[in-house]
Amino acid sequence: MEELQIIGQRIPKIDAIDKVTGRAKYIQDWKLPGMLYGKILYSKYAHARITHIDISRAEKLPGVRAILTGDLIPPLRFGFYKDNTPLKAGKVCSYRDEVAAVAAVDPEIAREALSLIEVTYSPLPPVFDPEEAMLENAPLIHEDHKTNVLKMPWKLICGDVDEARKNSAFVAQDRFKATWVTHCCLGTSGCVADFDLRNNLTLYSNTQIPSLAQKDFLEFLKGLGVTDSRVRIIQTSIGGAFGSKLDTYAYEYIAILLAHKTRKPVKILFDRQEEFKATSTRQPAIIDIAQGCTREGKLTFRDITMILDNGAYTSWGATTPSVMMMPISSLYKVPNVRYIAKCVYTNNTYSQAMRGYGNPQATFAIESQIDILAGQAGIDPCEFRLINSNQPGETSPQGFKITTCGLEACLQAVAKDLNWKEKHGQGNKRGVGMASLIHVGGGARVYKSDGCGAIIKMDDFGRVDVFTGATEMGQGSDTVIAQIVAEELGIRTADVNIINNDTDVCPWDVGAHASRTTFVAGNAALGAAQKIKEQILTLAALELEVNRKDLGMKDRKVFVQGNPDRFLPLEKILRKAHYSNQGQMIMAEYFYDPANENLDREFKGNLSMTYAFGAHGVEVEVDEESGKVKILNYVAAHDVGRAINPMLLEGQVYGGVTMGVGYALTEQLIIHKGEVMNPNFRDYKLLTCKDRIPIKTIVVETNDQDGPFGAKGIGEPGCVPTAPAIANAVFDAIGVRIKDLPITPEKIVAALKSKNKAL
């Protein structure tokens, strides 16, 4: 690979100093003159008619400036399926339904006002099980929808699964389940809505989709009759997102409504309990899966039906089956694939995007069963995976074009590091397991555009301002973009200033999702930097009286290649360009929209420009008496294309693995009859620093042809194969297979008892 100066350096995050010194401004810190505080009253029932709301006592409370209910606002709908309203009128469908909202001069008065609002309900029969919700006589969550099954027919057919099944030497068939987990961002959700005297809206928000949110709120204002207004999104520092801020939400619309009514800025900020109860989760799933193989271990088919609990309303969780198709169709070489999924309304909380976007659920089932199938065929699970490993240059049954692929190298690296051949199959309460992954690494075309814009302005001193549509939400995108621009222009990372937080000045971007920022925003910044470089080299060629193609940029100089003593300082070129007659500013813009494809009507097409691959391996020790699983060693190998910043990349993997281990072993949002029972960090079992896991990261570089300097996106893959790797290791240790997450000590003890009874 080409030797580079800045790319590949372990440069600390450029926004870290502000964060560790308290200078970074989160939504919790924002306060505007005259600002009011909004609070939301939620439903007391999972399913009920609202027969009456009395706000008279709350209105009389001193300090209250506005009270809204569903009957007092226009019936405007929002969300992916347009089945949700900011405040509910007539009926509630879940405990998190917003029934009324208050704006007051301080949060305490707003909270007290909520207690004075009297709501009368008439309970309706609820349904909490998605399989029961599909029965003919099940209560309808939305009567006008006529059915509880969403009209989104997720169906992928490749080849002839039935024929392949008949001809398979071995077939495994199982049911797996994945439950609710939530993002657990340290920074809770919130916003401040503010109208000026011309009805222009400014929304201060920790959203991860500023450009798309701007569009949603503009449409909402039109629905309110507020036309010809501007919407400006000012993105605050984001204290964690992981997909939780990928949509627009009822609380944001409520803040807008309250601000419009009072003509004052209104802030709504969730407390921790609200964050657990009123934000959306990862999609729970019931997965029926069958896979087959030949006697030699070659996969013959994969057949999956899936039921997803949609909850009462529809956010992006209902579209996770589109991403689930990726591992289902394209993890390993599988010639015949069938996948059918249904999203079903229930009276539970509704789900949305969460890191991995459906991939962790699907991979848990696929990779757990790969071990089962390998066992039937009598082939070592690592060898089985290598037999079926994806290869560069192949096109998967769904139409994914695999340009570069380091899966084989990842599997071999994990096996070597775990000492797999010696440790696997010993069954002495210690076991090793592994699992593979595929994920989008070069954008994911969900909308008409999958692009991102960048504008670069260079001053007279060789320093640049980069205006990017990218969202920095802790993943290090500011630093990675700065490194890309610095490398291209031969300057220092410290010379690059990133501006990314204001839709009035930053170009459009489709949002931070699908592990796309390094690839898409990085290519946008690289394209703009290349234009800047061209301008500078053209100016320098005139001064040095050489061909422009003979020039290079390095160490803040433009030099003649092959004659490094002949150079011009960058500042001199820039000042001369500025101060000459008919002078010029050195500026450039670039919009990068990858040449990937929307999936067609059969859900086929090249969704991403490139795909990230990886393999994780884990060694565990299981206490058969308590059922407790101890992780002794964890190895995560990833094909990253090229590591722009290995330190930040490792941080992404550490965070992803830790999130994945929580998903595998401890985390569960306990929902009983629609109500969240553990809305706090005491009862929601998030891993803490005391649970530190010994993680080793292995970087496999394949230098992707389309990535900025060869890089692929790597934000989500770290959490994808963790649960099946651990499930496989537990089976290797004690011989029991847990098929529903999380793998708790209670489930292990119960499974051991069943196993011993059967002996």
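For the structure, see preceding data.
Residues numbered from 1 in each chain as written. Predicted model: local features only at pLDDT ≥ 70, side-chain atom pairs only at ≥ 80, totals over all residues. Heavy atoms only, no water.

1. Description of helix α7 (residues 250-262)
Part 1 of the argument: With 13 residues, α7 extends 18 Å from end C-alpha to end C-alpha; this agrees with the ideal 18 Å at 1.5 Å per step.
Part 2 of the argument: When you tally the buried positions in α7, you get 11 out of 13 residues, the bulk of the element.
Part 3 of the argument: Here α7 has its buried residues at Ala250, Tyr251, Glu252, Tyr253, Ile254, Ala255, Ile256, Leu257, Leu258, Ala259 and Thr262.
Part 4 of the argument: Downstream of α7 by one or two residues, Arg263 has phi in the positive range, about 60°. (Helix = DSSP H or I, 4+ residues; strand = E, 2+ residues; numbered from the N terminus. Expected span 1.5 Å × (residues − 1). Buried < 20%, exposed > 50% of the residue type's maximum accessible area, 1.4 Å probe, protein only.)

2. Things to note about the pairing of strand β17 (residues 452-458)
Part 1 of the argument: The buried fraction of β17 is high, at five of seven residues.
Part 2 of the argument: As paired elements, β17 and strand β23 (residues 586-592) share seven bridges and run antiparallel to each other. Across the sheet, the residue bridging to Lys457 is Met587, located in β23.
Part 3 of the argument: For β17 and strand β18 (residues 464-468), the ladder comprises five bridges, and the chain directions are antiparallel. Bridge pairing links Ala454 to Thr468 in β18.
Part 4 of the argument: Counting the residues between successive antiparallel strands, the hairpin from β17 to β18 contains five residues, one of them, Gly462, with a positive phi of roughly 85°. (Pairing = 2+ DSSP bridges.)

3. Side note on unusual backbone geometry
Part 1 of the argument: In the segment running from Leu741 into Pro742, the intervening peptide bond is cis, with an omega of -5°.
Part 2 of the argument: With respect to the helices and strands, Pro742 occurs in the loop between α18 (722-734) and α19 (745-758).
Part 3 of the argument: The backbone of Asn199 shows a phi angle near 70°, a positive value even though the residue is not glycine.
Part 4 of the argument: Note on placement: Asn199 falls in the loop between β9 (190-195) and β10 (201-205).
Part 5 of the argument: A relative accessible area of 24% places Asn199 in the partly exposed class.
Part 6 of the argument: With a phi close to 55°, Phe242 is a non-glycine residue in the positive phi region.

4. Some points on the pattern of salt bridges
Part 1 of the argument: What the rule picks out here adds up to 41 salt bridges.
Part 2 of the argument: With its nearest N and O atoms 3.0 Å apart, the salt bridge here joins Glu219 to Lys215. With Glu219 and Lys215 both in helix α6 (residues 210-223), this residue pair falls four residues apart, about one helical turn.
Part 3 of the argument: Look at Glu219 and you get partly exposed, because its relative accessible area is 39%.
Part 4 of the argument: For Lys215, a relative accessible area of 48% gives the class partly exposed. (Salt bridge = Lys/Arg side-chain N within 4 Å of Asp/Glu carboxyl O.)

5. Some thoughts on the packing of helix α14 (residues 477-489) against helix α15 (residues 517-544)
Part 1 of the argument: Between α14 and α15, whose axes approach to 9 Å, the crossing angle comes to 30°. Judged by the inter-axis angle, α14 sits roughly parallel to α15. Where α14 crosses over α15, the two elements pack in a sense that is right-handed. Between α14, through Ser477, Val480, Ile481, Ile484, Val485, Glu488 and Leu489, and α15, the contact on the second element is made entirely by Thr517, Thr518, Ala521, Gly522, Ala525, Leu526, Ala529, Gln530, Ile532 and Lys533.
Part 2 of the argument: Looking at the contact of α14 with α15 residue by residue, the class counts come to 10 nonpolar, five polar and two charged. (Axes fitted to C-alpha atoms, helices over the stretch in contact; angles between N-to-C directions. Parallel < 35°, antiparallel > 145°, perpendicular 65-115°, else oblique. Left-handed = near helix turned anticlockwise from the far one by under 90°. Contact = heavy atoms within 4.5 Å. Nonpolar A, V, L, I, M, F, W, Y, C, P; charged D, E, K, R; others polar.)

6. Digging into the sheet that holds strand β25 (residues 629-639)
Part 1 of the argument: Read across the open sheet, the four strands follow the order β16-β24-β25-β28; overall the sheet is mixed. In this open sheet, the two edge strands, each paired with only one partner strand, are β16 (430-440) and β28 (695-700). Averaged over all pairs of adjacent strands, the angle between strand axes in this sheet comes to 15°, irrespective of strand direction.
Part 2 of the argument: Judged from the 11 bridges that link them, β16 and strand β24 (residues 611-622) form a sheet pairing that is antiparallel.

7. Here's the deal with the sheet that holds β23
Part 1 of the argument: What the four strands build is an open sheet, ordered β19-β18-β17-β23; its pairing is mixed. Two strands bound the open sheet, and with one partner strand each, they are β19 (496-499) and β23. Between one strand axis and the next, the sheet turns by 15° as a mean value, whatever way the strands run.
Part 2 of the argument: In the sheet, β18 pairs with β19 via four bridges, with the strands oriented parallel. Its bridge partner lying in β19, Val464 is registered against Val496.
Part 3 of the argument: Together, β17, β18 and β23 form the strand contacts of α15, whose direction differs from that of β23 by roughly 145°.

8. Here we look at the packing of helix α10 (residues 359-377) against α18
Part 1 of the argument: Viewed as axis vectors pointing N to C, α10 and α18 meet at an angle of 30°, and their least axial separation amounts to 8 Å. As judged from the angle between their axes, α10 and α18 are roughly parallel. The two elements α10 and α18 cross, and the hand of that crossing is right-handed. Every residue of α18 that contacts α10 at Thr363, Phe364, Glu367, Ser368 and Asp371 is listed here: Ala723, Pro724, Ala727 and Asn728.

9. Considering the state of the cysteines
Part 1 of the argument: Scanning the model with the defined rule gives zero disulfides in all.
Part 2 of the argument: Cys405 takes part in no disulfide bond, and the closest cysteine sulfur to it belongs to Cys410, at a distance of 8.1 Å.
Part 3 of the argument: When its relative accessible area of 0% is taken as the criterion, Cys410 is described as buried. (Disulfide = S-S within 2.5 Å.)

10. Here's the deal with a nonpolar patch on the surface
Part 1 of the argument: A cluster of nonpolar side chains, contributed by Leu186, Phe681 and Leu686, occupies part of the molecular surface with about 290 Å² of accessible area.
Part 2 of the argument: Tracing the backbone shows Leu686 in the loop between β27 (675-676) and β28.
Part 3 of the argument: What makes Leu686 partly exposed here is its relative accessible area of 32%. (Patch = residues over 30% accessible without salt bridge, like charges linked within 9 Å, V, L, I, M, F, W, Y side chains within 5 Å. Areas by Shrake-Rupley, 256 points an atom, 1.4 Å probe, with all protein chains shown as cover.)

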